[in-house]
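# Summary of the model geometry
One letter stands for each residue in the lines below.
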Amino acid sequence: MKSREIKIAYLVAIIATLASIIYGGLSFNKTKTRDLAYKAQMVTVIIKDRLENLQRTAYDYSYWNDTIDKALIAKDREWADSNIGEYLLDTFGLSQTLLFDAQNNLIFAFGADHSKLTDTLTSHPAFRTALTQTLSRKRNSPQASGFYFRNKENVYLVAISALTREAATGSRTEDEKGYLVLLKETTPDILTKISKNFGVANLSLQPNADKIKFDVLDEVSQSSFPLYFTPKGYSFTHLIWNLLPFLITILSLVYLLSVIQRKSIQSQKLNRDLEQANIELATFNKRLEEQVRRQTVEIMEKAEKSEQASRAKSTFLSSMSHELRTPLNGILGFAQMLGLNKDQNLTAKQKAWITQIVNSGRMLLDIVNDVLDLARIESGRAVYQPEIFRPREVFKECFDIVEPIAATRHISLSGHPETDLYVYVDRSKLKQVLLNLVSNAIKYGKDNGYVKFGCRTTDNQYIELYVEDNGKGIPETDLPHIFEPFRRVKETSLQVEGTGVGLAIVQKNLDLMGGQIKVESTLGEGSRFSIYLKAYDEDYSPAPDHEDTVL
């Protein structure tokens, strides 16, 4: 801020000070009248606010199902006393609480000396007007009414609210024409507190020669009552006190102008420092952007290399599996021919060796087939041929295949197909999934144990296919990893043959079918695998894009 502008600002402050003094002298005579009117208005607002608070309290305790059910209908005095009786009297300092039914019969009355006051109150015109107003309001927007009521030397704030059920709409029921009335006396103690807190001297209901009267009016109900207070004297000292805020304001303005001048100089320096910091920040941002760009390129290159390595792995596994199958089938073929022993010249020991060769070859062939299936899926060459069929048909085929295996270990095998709905998936892949799960349940099961598998319809129109056993179970820490390729659970698989790709194939086949799988298992108690597939009716007709797909 320039020096000339500062001088002008100081001059304006001096002129404003002089103008304030002159204005204070000229308006001195008007101050008294305005102050009296202000105090009367202030007291009116304070008492009206108390009436509105009383109306809100009446509304809160009438817009309540229990007030109707327990107090009005059941006439439960203990409940009424604890909720709308002595409780309200003690909590809000009320004089009386009254509960009436739709026929204006007094159901409950709480508070001292209520009989005469109640008769006088209910016959008052303002009471009938307020009651009509609150009963006429809609149930979905209830509202209490209030007014001032003077009884002899006492003045009461009165609030009336119709009983209304919560979340009610439409016309009021007969019960909802009952109403709750709250009375709060304007006592001398209350007036004394208002006098003390708001500087209104000797506020009271009693007239006096030295006091000024004014009417407290509620514009809504047009009810009123008179109040009196003593005006304080006005002198030159009072004038000075009136002008003091102006003088303090002017002095504060002068001080602020000097502070602004100092801050202006500091601000200019800060602006120069900020410009330099912005230049440095822009340079840093440019270097950071370049570094991020380089790192992004490196990450993309690494991701591409990783993808290439994954594709190369899948291609290698597929090729090796094909190369292994050819000689392995030859070994199995020759071993089976030897096993026929047409010349009857093999010893029992030699036959046992041949049987071992055939069993080991078949196991190795199963491993190669699993690896080949996994490689085919991961390389994107899996053939997916969806069709509409009942899962129970596949269950029968799987049951016939695995029943002899279960019998060798005396495992009870049971099937429970409980739905006739259809699925639209690749039949062979669903069969492969079920065989994998049931074979695993038998493989990791207990001798003389059981394996159950079945299907049923869930509430959300899905079919659940489940396999349950009481075998070795799976540790909780291994559950998140069991669908990873070549991952085996150490605690349960030490004495069981396998490569750890069966569940990986199950997961990937379910991904192709749009299904989900859930596993529940407890170590030493058994496992339950649940598969969820979308259910269809028999007449489901797939859209043209549901043709056989190579993925």
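Not measured: the values here are computed from a predicted model.

Before going further, it helps to spend a moment on the overall build of the protein chain. Assigned secondary structure in the protein chain consists of 14 helices and 16 strands. Relative to all contacts within the protein chain whose residues are 6 or more apart in sequence, the contacts with residues 24 or more apart total 69%. Carbon and sulfur atoms form 54% of the exposed surface of the protein chain, whose accessible area is close to 32600 Å².

Quick look at the side chain of T458 now. Mapped onto the fold, T458 is located in the loop between β12 (450-457) and β13 (462-469). Aside from chain neighbours lying at most four places away, what touches T458 is E464 and Y532.

Here we take up the sheet that holds strand β2 (residues 106-110). With respect to topology, five strands assemble into an open sheet ordered β2-β1-β5-β4-β3, the strand pairing being antiparallel. Two strands close off the open sheet at either side, each with one partner strand: β2 and β3 (145-151). Each neighbouring strand pair of the sheet contributes to a mean axis angle of 20°, computed without reference to strand direction.

The predicted coordinates should not be examined in detail at positions where pLDDT is low. In this model, the protein chain carries an average pLDDT of 80, and 78% of its residues clear a pLDDT of 70 or more. Scored below 50 in pLDDT, residues 545-551 shows 19 contacts in the model against residues more than four places distant or in partner chains.

Read from one edge to the other, the open sheet built from five strands follows the order β10-β12-β13-β15-β14, with strand pairing classed as mixed. Edge strands, defined here as strands with exactly one partner in the open sheet, are β10 (412-417) and β14 (516-522). Each strand of the sheet is rotated relative to its neighbour by a mean of 10°, with strand direction disregarded.

This part is about the side chain of T67. Mapped onto the elements of the fold, T67 is located in helix α3 (residues 65-73). In contact with T67, not counting residues within four places along its chain, are Y61, L72, W79 and L163.

The subject of this paragraph is the packing of helix α12 (residues 427-443) against helix α14 (residues 502-513). How two helices sit against one another is set out by the angle between their axes and by the gap between those axes. For the pair α12 and α14, interaxial distance at closest approach is 9 Å and the crossing angle is 150°. Relative to α14, the element α12 is oriented roughly antiparallel. Considering only the axes of α12 and α14, their crossing is left-handed. Of the residues in α14, those touching α12 at K429, L430, Q432, V433, N436, L437 and N440 are G502, L503, I505, V506, N509, L512 and M513. Class assignment of the residues belonging to the contact of α12 with α14 gives a composition of eight nonpolar, five polar and one charged.

With that out of the way, let us pick up the packing of aromatic side chains. Applying the stated criterion across every chain yields a total of 14 aromatic pairs. For the ring pair F100 and Y179, a centre distance of 5.0 Å and an interplane angle of 15° mean the geometry is stacked. Highlighted residues: F100 in strand β1 (residues 96-100) and Y179 in strand β5 (residues 179-185), separated in sequence by 79 residues. This pair shows no difference in class: F100 is buried, exactly as Y179 is.

The next point concerns a nonpolar patch on the surface. A cluster of nonpolar side chains, contributed by L281, F284, L288 and V292, occupies part of the molecular surface with about 350 Å² of accessible area. In this structure, L288 sits in helix α9 (residues 236-340). Under the relative-accessibility criterion, L288 is labelled partly exposed at 38%.

Per the stated rule, a full pass over the model turns up 15 salt bridges. Between D69 and R165 there is a salt bridge whose closest N-O contact spans 2.7 Å. One end of the pair, D69, is in helix α3; the other, R165, is in the loop between β4 (154-162) and β5, with 96 residues separating them in the sequence. Note on R165: relative accessible area 25%, which makes it partly exposed.

With 42 residues, the main nonpolar core has I47, I84, L99, L203, F214, F225 and L227 as its most contacted residues. Considering every element that reaches this core, the biggest residue donor is helix α2 (residues 28-62), with 10 residues. Excluding residues that lie within four positions of it along the chain, F225 makes contacts with I47, Y148, V155, L205, F214, D215 and V216.

Let's shift gears to the packing of helix α11 (residues 391-408) against α12. At a closest axis distance of 10 Å, the pairing of α11 and α12 adopts a crossing angle of 30°. Our classification of the angle between α11 and α12 gives roughly parallel. Regarding α11 and α12, the two cross each other, and that crossing is right-handed. Contacts from E393, V394, F395, E397, C398, I401, V402, I405 and A406 in α11 reach R427, K431, L434, L435, V438, S439 and I442 in α12. Grouping the constituent residues of the contact of α11 with α12 by class yields 11 nonpolar, one polar and four charged.

The next subject is α12. Compared with the 24 Å implied by 1.5 Å per residue over 17 residues, the 24 Å span of α12 between its first and last C-alpha is a close match. Those residues of α12 not exposed but buried are K429, L430, V433, L434, L435, N436, L437, V438, N440, A441 and I442.

Turning our attention to helix α8 (residues 188-198). Taken as a whole, α8 has its buried residues at I190, L191, I194 and S195. Buried positions in α8, seen along its axis, are confined to an arc of 140° and lie on one side of it. The exposed residues of α8 that point more than 90 degrees off its buried face are P188, D189, K193, K196 and N197. One or two positions beyond α8, positive phi appears at G199, with a value near 65°.

Its identity is not glycine, yet K75 carries a phi of approximately 55°, on the positive side. When you line up the elements, K75 lands in the loop between α3 and α4 (77-83). With a relative accessible area of 49%, K75 lands in the partly exposed category. Phi angles above zero are rare outside glycine, and H410 is one such case at about 55°.

Let us look at the pairing of β2. Counting buried residues along β2, four of its five residues qualify, which places the element largely inside the surrounding structure. Relative to β2, β1 runs antiparallel, the two being bridged by four bridges. Bridging across to β2, L99 finds its partner in F108. Linking β1 to β2, which pair antiparallel, is a turn of five residues; within it N104 sits at a positive phi near 65°.

Moving on to the environment of D426. As for its placement among the helices and strands, D426 is situated in strand β11 (residues 423-426). As for D426 and N509, which are separated by 83 residues in sequence, their C-alpha atoms are 9.2 Å apart. The residues touching D426, leaving out its near neighbours within four places in the chain, are V383, Y384, Q385, P386 and M513. There is a polar contact of 2.6 Å between the side chain of D426 and the side chain of S428.

Analysis parameters
- Residues numbered from 1 in each chain as written.
- Predicted model: local features only at pLDDT ≥ 70, side-chain atom pairs only at ≥ 80, totals over all residues.
- Heavy atoms only, no water.
- Helix = DSSP H or I, 4+ residues; strand = E, 2+ residues; numbered from the N terminus.
- Contact = heavy atoms within 4.5 Å.
- Areas by Shrake-Rupley, 256 points an atom, 1.4 Å probe, with all protein chains shown as cover.
- Pairing = 2+ DSSP bridges.
- Axes fitted to C-alpha atoms, helices over the stretch in contact; angles between N-to-C directions.
- pLDDT = per-residue confidence, 0-100.
- Parallel < 35°, antiparallel > 145°, perpendicular 65-115°, else oblique.
- Left-handed = near helix turned anticlockwise from the far one by under 90°.
- Nonpolar A, V, L, I, M, F, W, Y, C, P; charged D, E, K, R; others polar.
- Phe/Tyr/Trp six-rings, centres within 6.5 Å; stacked < 30°, edge-to-face > 60°.
- Buried < 20%, exposed > 50% of the residue type's maximum accessible area, 1.4 Å probe, protein only.
- Patch = residues over 30% accessible without salt bridge, like charges linked within 9 Å, V, L, I, M, F, W, Y side chains within 5 Å.
- Salt bridge = Lys/Arg side-chain N within 4 Å of Asp/Glu carboxyl O.
- Core = buried A, V, L, I, M, F, W, Y, C linked by side-chain atoms within 4.5 Å.
- Expected span 1.5 Å × (residues − 1).
- Arc of directions from axis to C-beta.
- Polar contact = N/O pair within 3.5 Å; in protein donor to acceptor, adjacent residues only side chain to side chain.

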